[in-house]
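A closer look at the structure
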Amino acid sequence: MLTALPLTACTKKNQTGTSKYVITAAYDQAERCLSGTVDFTFYNSTDNEISDLQFNLWGNAYRNGAKNKPVSDANAQKAYYAGTSYGGETVEKVEGCASWEVTGDDENILTVALNQPVYPEQSATVSITYTLDLANVNHRTGVTATTVNLGNFYPVLCAYTAEGYMNAPYYSCGDPFVSECADYDVTLTLPKEYVAATSGKEVSRSLAGEQSTARYELKNARDFAAVISDKFKTVTKTSAGCEVTAYYCGETEPTKQLDAACESVKYFSDAFGAYAYPTLSVVFTPLCVSGMEYPALTMIADDLDETDGIYTTVHENAHQWWYAMVGNDQVNCAWQDEGLAEYSTVCFFENYPAYGFTRTAALGSAIKAYRAYYSVYNQIFGKVDTTMTRGLGDFASDYEYVNIAYNKGFLMFESVRTAMGDKKFFNALKSYFEANRFKIASPEEMISHFSALHDVEGMFMSYIDGKVVI
């Protein structure tokens, strides 16, 4: 554990203008447990005085008795490969504050009352000591047969809006994570035979007995994730000034997937704006879904065939632009990053035809899938909710979520591109990216960049409000 920081609650001004996580964590293989300390410096970038901090405890969704399951029933069998398993996140203590308690509808929020209010452009530091017990599960956070997936492995500050903190529960449908960008300084201590794929760039490493300790840095990131394994092999290439490393456990090197990762980083940088981070980890690991994105790290299901692995790799890379660098409310507006990431994926393959994916085929597939969904739900329920902006908890199933966020989102952006023409469409995306890099953008903010170049606001709204007929 880190030694607690001095208990000063407030400084006059944080010169960096950003919050910072200093995380020190150690993994106990025998106990399936991560013990850590987060020294969090909060920079108040709002116009309000802040008297308390609220952190998401995503790891608590895996505990026995949680109200909200982290894995849907449809994915449970594949996820819990060794039978039902539980984990949980325990806050041991919080220092540098007036008081603290675990709150939320599902023990999912750590509320920390500060010693004194933090005014705009001031900062405060608190130190959180916690333990993360890991379930045996092929999911974002858990122990698999070959790896340990460490997504959302530490208390994460809730995003702050005009209505206050966003503290949505852990929905198994979609990605229930909304967080502000911050700087990260992360130190991981692991058994010495383990290799770590992380969001950050390694800046130091030391060996002490049977333990290896490495420190990583990452700036302007919405999250920090890692995957660790004593079976990892690696291969690295450079693209657009970025070190892209594939981590895998099998005998076959994922050559084509790595090529697609490198080429997509170059394409997206040229099409939308420069990739912000010095590294990108593409990690092939057991998952109950195809892939999962984090800043500078993507998890790709290791049981995908080469074709699906290539497609998933490019899609998750697109999320480095639409989620990692340009954020959105993934709980209530999932289409904003998923639909745009899916459409960006097809744009990449349109420009790299050797991979065998075409825009025409993607369009036909999306229309067919969406119409099938509409027909099925109409027969079952007698009506279909086709609105796009709604909470993850409002989707009846993963099937409905995929068709609304991915397929309908894809079709919406295709219609907008057709109406605007390629030059205006891609100029709008560049403008949207540049104006909202490292921010959380609303749907209205996104649409404004397209509407400034062409009258397409009505087209967007007809899709979003569910009025368009496909």
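Residues numbered from 1 in each chain as written. Predicted model: local features only at pLDDT ≥ 70, side-chain atom pairs only at ≥ 80, totals over all residues. Heavy atoms only, no water.

1. Quick notes on helix α2 (residues 255-271)
Here α2 contains 17 residues, and its C-alpha end-to-end distance of 24 Å stays within 8% of the 24 Å for a straight helix at 1.5 Å per residue. Q257, L258, A260, A261, C262, S264, V265, Y267, F268, S269 and A271 are the residues of α2 that are buried. Residues of α2 that are buried make contact with β18 (233-239), β19 (242-248), β20 (279-285), α3 (306-318), α4 (334-351) and α7 (422-436). At the exit of α2 stands G273, carrying a positive phi of roughly 155 degrees. (Helix = DSSP H or I, 4+ residues; strand = E, 2+ residues; numbered from the N terminus. Expected span 1.5 Å × (residues − 1). Buried < 20%, exposed > 50% of the residue type's maximum accessible area, 1.4 Å probe, protein only. Contact = heavy atoms within 4.5 Å.)

2. Describing the pattern of salt bridges
Opposite charge on two side chains allows them to pair when their charged atoms are near. Tallying each qualifying case throughout the model produces 21 salt bridges. Its salt-bridge partner being D185, residue R215 comes within 2.8 Å of it at the nearest N-O pair. Placement of R215 in strand β16 (residues 211-221) and of D185 in strand β13 (residues 182-191) is noted, with a sequence separation of 30 residues between them. Taking the relative accessible area as the measure of exposure, R215 reaches 29% and is therefore partly exposed. Look at D185 and you get buried, because its relative accessible area is 10%. Between K266 and D270 there is a salt bridge; the shortest N-O distance is 2.5 Å. In this pair, K266 and D270 both sit in helix α2, 4 residues apart, roughly one turn of the helix. Overall, K266 belongs to the partly exposed group, its relative accessible area being 39%. (Salt bridge = Lys/Arg side-chain N within 4 Å of Asp/Glu carboxyl O.)

3. Digging into the packing of aromatic side chains
Throughout the structure, instances matching the rule amount to 45 aromatic pairs. Here the aromatic rings of Y373 and Y399 are separated by 5.9 Å at their centres, their planes lie at 75 degrees, and the arrangement is edge-to-face. Here Y373 is found in helix α5 (residues 359-381), whereas its partner Y399 is found in helix α6 (residues 398-420), with 26 residues between them in sequence. Residue Y373 is classed as buried on the basis of its relative accessible area of 0%. (Phe/Tyr/Trp six-rings, centres within 6.5 Å; stacked < 30°, edge-to-face > 60°.)

4. Looking at the confidence of the model for the protein chain
Of the residues in the protein chain, 97% have a pLDDT of 70 or more, and the chain-wide mean is 95. The low-confidence segment residues 1-15, where pLDDT is below 50, has 36 contacts with residues more than four positions distant or belonging to other chains. (pLDDT = per-residue confidence, 0-100.)

5. A short note on the environment of D73
Inspection of the secondary structure assignment puts D73 in helix α1 (residues 73-79). Separated by 270 residues in sequence, D73 and Y343 place their C-alpha atoms 28 Å apart. One polar contact links D73 to K69, side chain to side chain, over a distance of 3.1 Å. (Polar contact = N/O pair within 3.5 Å; in protein donor to acceptor, adjacent residues only side chain to side chain.)

6. Focus: the packing of α4 against α6
At a minimum axis separation of 8 Å, α4 and α6 run at an interaxial angle of 60 degrees. It follows from the interaxial angle that α4 and α6 lie oblique. Where α4 crosses over α6, the handedness of that crossing is right-handed. In contact with A334, W335, E338, G339, L340, E342, Y343, V346, C347 and E350 of α4, α6 contributes Y401, A405, Y406, G409, F410, M412, F413, E414 and R417. (Axes fitted to C-alpha atoms, helices over the stretch in contact; angles between N-to-C directions. Parallel < 35°, antiparallel > 145°, perpendicular 65-115°, else oblique. Left-handed = near helix turned anticlockwise from the far one by under 90°.)

7. What about the pairing of strand β15 (residues 201-208)?
Relative to β16, β15 runs antiparallel, the two sharing 7 bridges. Residue pairing for β16: S206 is matched across the bridge by T213. (Pairing = 2+ DSSP bridges.)

8. Some details on unusual backbone geometry
Although it is not a glycine, N220 sits at a positive phi angle of roughly 55 degrees. With respect to the helices and strands, N220 occurs in strand β16. In this structure N220 comes out as partly exposed when scored by relative accessible area, which is 29%. Although it is not a glycine, F438 adopts a positive phi angle of roughly 70 degrees.

9. Structural notes on a nonpolar patch on the surface
Side chains of V376, I380, F381 and Y399 sit close together on the surface and give an oily, nonpolar patch of about 390 Å² of accessible area. Of the residues forming the nonpolar patch, the biggest block, 3 residues, is contributed by α5. I380 sits in the exposed class, given a relative accessible area of 57%. (Patch = residues over 30% accessible without salt bridge, like charges linked within 9 Å, V, L, I, M, F, W, Y side chains within 5 Å. Areas by Shrake-Rupley, 256 points an atom, 1.4 Å probe, with all protein chains shown as cover.)

10. Here's the deal with the sheet that holds strand β3 (residues 50-56)
Strand pairing in a sheet relies on backbone hydrogen bonds, with the paired strands running either antiparallel or parallel. Ordered in space as β5-β6-β3-β10, the 4 strands form an open sheet in which the pairing is antiparallel. Pairing within the sheet leaves two strands with one partner each, and these edge strands are β5 (99-103) and β10 (156-157). The sheet contact formed by β3 and strand β6 (residues 109-118) spans 6 bridges and is antiparallel. If you follow D52 over to β6, its bridge partner there is A113.

11. Considering the nonpolar core
Ranked by size, the top nonpolar core spans 145 residues in total, and within it Y21, L53, Y154, Y184, F450 and F460 carry the most contacts. Apart from the residues lying within four places of it in its own chain, the contact partners of Y154 are Y21, I23, V38, N56, E89, Y130, Y184, D223 and F224. (Core = buried A, V, L, I, M, F, W, Y, C linked by side-chain atoms within 4.5 Å.)

12. Focus on the state of the cysteines
Overall, the coordinates contain 0 disulfides when judged by the stated rule. No disulfide involves C181; its nearest neighbouring cysteine sulfur is the one of C158, lying 16 Å away. Using a relative accessible area of 12% as the deciding quantity, one classes C181 as buried. In this structure C288 is not part of a disulfide, and its nearest cysteine sulfur, from C173, lies 13 Å away. (Disulfide = S-S within 2.5 Å.)

13. Describing the sheet that holds β19
The mixed open sheet is built from 5 strands, whose spatial order is β18-β19-β20-β22-β21. Two strands close off the open sheet at either side, each with one partner strand: β18 and β21 (291-294). Strand-to-strand, the axes of this sheet are offset by a mean angle of 15 degrees, without reference to chain direction. Relative to β19, β18 runs antiparallel, the two sharing 7 bridges. Across the sheet, the residue bridging to K237 is V244, located in β19.

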